[in-house]
Amino acid sequence: MIKKVLLAAAVSMAFANAYAADQTLEADVVVVGAGAGGTVAAVSAVEAGLKTVMLEKNAFPGGAGNFMEGSFAAESFMQKEAGIKLTKIEAFNRMAAYHKWRINAPLVKAFVDKSADTIQWVWDHGVHWKEVKTAWRDNDTKTWHIYPAAGSLPKQMVSIFKEKGGKLLLSTPAQKLLTDNGKVVGVVAKNSAGDKITVKAKNVILATGGYSFNEKFVKDTTGIDMTPVGAPGRTGDGINMAMSVGAVGDNIGPMMINGAFMPAKGEAICNGPNKEIRALFRQGLLYVDSTGQRFFNEELTIDWPMASNAIARTGEYTYIIFDQNTLKEFSTEGKGYPNPCGNFILRHQAATQLEQLLKENEKLGNVFIGNTIEEVAKKAGMVPEILKASTEAISKYAKQGKDEQFGKDPYYLRAVDTGPFYIVRGKLNTLASLNGVKVNAGLQVLDKHEHPIPGLYAIGHDAGGVYGDTYDLKIGEGTASAFAINSGRMAVEDIVKHMKK
């Protein structure tokens, strides 16, 4: 009898604990998303003396910040030491012109003006930049500040945040905003156990990373079939929550399309097992469509946002073709790849596994190998006569040192006339969505009347107004990650300013 009573009591307590697992927390600031921008915002908030809670959808922090290679700045201490003369106002006006002024100019100007200070702030917080550089051979305006390692910034930010008393909840996606008389006063989230987590807060910062993994929305919006890469979970949560309380979009639609790469599950850019093949798509080799016809100036593959616009017109897949001589060149010490691929393949780095990887991926249907152009064309489903005309033309241009069709720099001209021949198919990748909801220069979310929605901020890829129709890679290398971390700091500064008032 006693055992039955104890068992009943234990069951009763278990049910009570299950229901009691729902939590209500109180904070000055709740940051929704623990990526680069979110973690910087969270550290800025706790250092300002604000009680802060940070929610993360994934089981790990960092988000797209785990893939960041470098960030933009103008007039940083590193640029000054390197003798780089680019000024903040010059950098801003170059961006504005690139985007044809279809930007939130006050916001972008504030971001650029903040960028140098943030480079110092990051350094002072223990993340020491390796160098400031550019991916271009002929660009003296270096804006790309390289992190010591991918993921080093959010990792350090999370450590500082916890040390200073911040509360991080992983596997706890926010589901809706709490409002009171038109003011946002917190969020409701749910953890992996299904418990409801209510965070009542004076201010909410949305930092969920945009919507690049909402593949249907991206396809419907752009008309382009692309593969999202990088941190999962970026499906538009922050943007949707903001719109549910009256926010409006600001040029939503453009994507950071990262050029074409051979499909390889789980690999982004050139940092996976197949990086030596994927890097081929950055080398200015002959690109052809599904029939075998050349369609653009391939030297633009280093300026991948521009190249992506051309590639997008060719359908789901695009193709590069090269011959045995090029394979040998790229695998030879002292020659190697003409172009870098991020910081994973360096300019003139020699391939060591390329031939083996090509044969392995032939079995997967991503590579086609033939002893003649006709043979490789048939294997790839192309029209042999069209591909043969394309390869004969590019071979002629390479030998004479002049591209008569598109004027490609001779540095990238290579004949395709010595078998065996290799065709690699690629698909466009997207790293991130570029715009979100409308905000002001303080990152306050605006309604359709341009009025701030009290208590609500959006940063990084949840904020709109930073880009026109294409990512500004050549104008300011690293602007996406830089805007994320700068906007995180700027939002907290705005919160502190309003709280003081």
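Described below are features of the structure shown in this document. None of these values were measured; they are calculated from a predicted model.

## Some remarks on helix α4 (residues 88–98)
Helical geometry note: an α-helix holds 3.6 residues per turn, so side chains three or four residues apart project in the same direction.
Thinking step 1. Within the span of α4, buried status applies to Ala 91, Phe 92, Met 95, Ala 96 and Tyr 98. Seen end-on, α4 carries its buried residues on one side only, within an arc spanning 165°.

## Section: the pairing of strand β1 (residues 23–32)
Thinking step 1. Of all 10 residues in β1, 7 are buried, a share of seventy percent or more.
Thinking step 2. For β1 and strand β9 (residues 196–206), the ladder comprises 9 bridges, and the chain directions are parallel. When the bridges of β9 are listed, Val 31 appears paired with Ile 205.
Thinking step 3. Of the strand pairs in this sheet, β1 and strand β2 (residues 52–55) are connected by 4 bridges, and their pairing is parallel. Counterpart to Val 29 in the pairing with β2 is Thr 52.
Thinking step 4. Chirality of the crossover, the property in question, places the unit of β1, helix α2 (residues 36–47) and β2 among those that are right-handed.

## Concerning the environment of Asn 440
Thinking step 1. By secondary structure assignment, the location of Asn 440 is in the loop between β15 (421–433) and β16 (444–446).
Thinking step 2. As for Asn 440 and Ala 105, which are separated by 335 residues in sequence, their C-alpha atoms are 9.8 Å apart.
Thinking step 3. Sequence-distant contacts of Asn 440, defined by excluding residues within four places in its chain, comprise Asn 104, Leu 107, Leu 446 and Pro 452.
Thinking step 4. Separated by 2.9 Å, the side chain of Asn 440 and the backbone nitrogen of Gly 442 make a polar contact.

## Overview of the sheet that holds strand β3 (residues 70–72)
Thinking step 1. Strands sit in the order β3-β5-β4 across an open sheet of 3 strands; the sheet is antiparallel. A single partner strand is all that each edge strand has here, and the edge strands are β3 and β4 (131–133). Strand-to-strand, the axes of this sheet are offset by a mean angle of 30°, without reference to chain direction.

## Focus: the packing of helix α13 (residues 373–380) against helix α14 (residues 384–400)
The geometry of a pair of packed helices is captured by two quantities: the angle between their axes and the separation between those axes.
Thinking step 1. Put simply, α13 and α14 touch, their axes get as near as 9 Å, and they point 125° apart. Between α13 and α14, the angle falls in the class oblique. α14 is crossed by α13, and the crossing has right-handed handedness. Side by side, α13 and α14 meet where Ile 373, Glu 374, Val 376, Ala 377 and Lys 378 of the first sit next to Pro 384, Leu 387, Lys 388 and Thr 391 of the second.
Thinking step 2. In terms of residue class, the contact of α13 with α14 is made up of 5 nonpolar, 1 polar and 3 charged.

## Topic: the side chain of Arg 489
Thinking step 1. By the element assignment, Arg 489 lies in helix α15 (residues 479–500).
Thinking step 2. Judged by its relative accessible area of 7%, Arg 489 is buried.
Thinking step 3. Sequence-distant contacts of Arg 489, that is, excluding residues within four places in its chain, are made with Val 40, Ser 44, Lys 114, Asp 117, Thr 118 and Trp 121.

## Side note on the packing of α4 against helix α5 (residues 105–124)
Thinking step 1. Running from amino to carboxyl end, α4 crosses α5 at an angle of 140°, the nearest separation of the two axes being 9 Å. As the angle between them shows, α4 and α5 are arranged oblique. You can see that α4 and α5 cross each other, and the crossing is right-handed. Two secondary-structure elements touch here, α4 through Lys 88, Ile 89, Ala 91, Phe 92 and Met 95 and α5 through Ala 105, Val 108, Lys 109, Val 112, Asp 113 and Ala 116.

Definitions and cut-offs
- Residues numbered from 1 in each chain as written.
- Predicted model: local features only at pLDDT ≥ 70, side-chain atom pairs only at ≥ 80, totals over all residues.
- Heavy atoms only, no water.
- Buried < 20%, exposed > 50% of the residue type's maximum accessible area, 1.4 Å probe, protein only.
- Helix = DSSP H or I, 4+ residues; strand = E, 2+ residues; numbered from the N terminus.
- Arc of directions from axis to C-beta.
- Pairing = 2+ DSSP bridges.
- Right-handed = clockwise from strand over helix to strand, strands pointing away.
- Contact = heavy atoms within 4.5 Å.
- Polar contact = N/O pair within 3.5 Å; in protein donor to acceptor, adjacent residues only side chain to side chain.
- Axes fitted to C-alpha atoms, helices over the stretch in contact; angles between N-to-C directions.
- Parallel < 35°, antiparallel > 145°, perpendicular 65-115°, else oblique.
- Left-handed = near helix turned anticlockwise from the far one by under 90°.
- Nonpolar A, V, L, I, M, F, W, Y, C, P; charged D, E, K, R; others polar.

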